[in-house]
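What follows is the residue order along each chain.
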Amino acid sequence: AQSVTQLGSHVSVSEGALVLLRCNYSSSVPPYLFWYVQYPNQGLQLLLKYTTGATLVKGINGFEAEFKKSETSFHLTKPSAHMSDAAEYFCAVSEASGYSTLTFGKGTMLLVSP
Amino acid sequence: DVKVTQSSRYLVKRTGEKVFLECVQDMDHENMFWYRQDPGLGLRLIYFSYDVKMKEKGDIPEGYSVSREKKERFSLILESASTNQTSMYLCASSPVGVINTEAFFGQGTRLTVV
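Because the structure is predicted, anything quoted here is derived from the model rather than measured.

1. Overview of the environment of A:V11
- With respect to the helices, strands and loops of the structure, A:V11 is situated in strand β2 (residues 10-14).
- Here the alpha-carbon distance between A:V11 and A:N41, two residues 30 residues apart in the chain, equals 20 Å.

2. Focus on the nonpolar core
- If you look at the biggest cluster of nonpolar residues, it comprises 26 residues, and the most contacted ones within it are A:W35, A:L48, A:L76 and A:Y89.
- For this core, the elements supplying multiple residues, two or more each, are β2, β3 (19-26), β4 (31-38), β5 (44-50), β7 (64-68), β8 (73-78), β9 (87-95) and β11 (108-113) of chain A.
- Ranked by size, the runner-up nonpolar core spans 21 residues in total, among them B:L11, B:M32, B:L78 and B:Y89.

3. Topic: the sheet that holds strand β1 (residues 4-6) of chain B
Residue and element names in this part refer to chain B.
- Spatially, four strands are ordered β1-β3-β8-β7 in an open sheet, and the strand pairing comes out antiparallel. In this open sheet, the two edge strands, each paired with only one partner strand, are β1 and β7 (65-70). Ignoring which end each strand starts from, the neighbouring axes of this sheet average 20° apart.
- Bridge analysis of strand β3 (residues 19-25) against strand β8 (residues 73-78) gives six bridges, and the strand direction is antiparallel. Within the sheet, the bridge partner assigned to E22 lies in β8 and is S75.

4. Considerations on the interface of chain B and chain A
- Contacts between the two partners involve 21 residues from chain B and, on the opposite side, 25 residues from chain A.
- Here chain B and chain A share zero salt bridges between them.
- Along the contact surface separating chain B from chain A lie five residue pairs in polar contact (both at pLDDT 80 or more).
- Among the secondary structure elements, those contributing two or more residues to the side of chain B that touches chain A are β4 (31-38) and β5 (42-49) of chain B.
- Classifying every residue of the side of chain B that touches chain A by side-chain character gives twelve nonpolar, seven polar and two charged.

Rules used throughout
- Residues numbered from 1 in each chain as written.
- Chains lettered and ligands numbered in written order.
- Predicted model: local features only at pLDDT ≥ 70, side-chain atom pairs only at ≥ 80, totals over all residues.
- Heavy atoms only, no water.
- Helix = DSSP H or I, 4+ residues; strand = E, 2+ residues; numbered from the N terminus.
- Core = buried A, V, L, I, M, F, W, Y, C linked by side-chain atoms within 4.5 Å.
- Buried < 20%, exposed > 50% of the residue type's maximum accessible area, 1.4 Å probe, protein only.
- Pairing = 2+ DSSP bridges.
- Axes fitted to C-alpha atoms, helices over the stretch in contact; angles between N-to-C directions.
- Contact = heavy atoms within 4.5 Å.
- Salt bridge = Lys/Arg side-chain N within 4 Å of Asp/Glu carboxyl O.
- Polar contact = N/O pair within 3.5 Å; in protein donor to acceptor, adjacent residues only side chain to side chain.
- Nonpolar A, V, L, I, M, F, W, Y, C, P; charged D, E, K, R; others polar.

In structure tokens:
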């Protein structure tokens, strides 16, 4: 069985500050890991994903995440927040072997203040 | 540009009504999914399909059924709508052989059952 824990249902930052959204996963086999973003009244859009290879993954809009197997983590970061980054962010996991669907975390709402 | 289209953005239905939520994808994807999104609970998988006429239960299938008669279309059916099915419903698709990688999402249907 697989699961995802996102620490913090809401994170507030000032414009220009570092963004850090935390994600820990549980998986009995090597995982594939994802971050999705949802803007108000929109569907989900893929920000980045880790499948194999380099553990530091770069995505769209300046976001990146690092897969740390020893910590079972896949935290999302951005060096400098923009107002347009305000949205809800979802971490998701699936198993790299066998037949598996995506399991999502409960989401973290990012609030950016001027 | 890849596209997953959900037939309605907003729906209001009465308790006991039979409700159909329609989803169409134009990417020739084999896999299609229905998720339910509720505040604080993230996305939960209702049903998925990996081929025409095939369906698999997700985490919360009770009170729902699905239909996939054509590859591009995946319907979610609420046989007798109840107020606890008021929610945002998201459809997604992904290509075969990469079920563990990116899923493409529709804009969502916000269903209110009164």
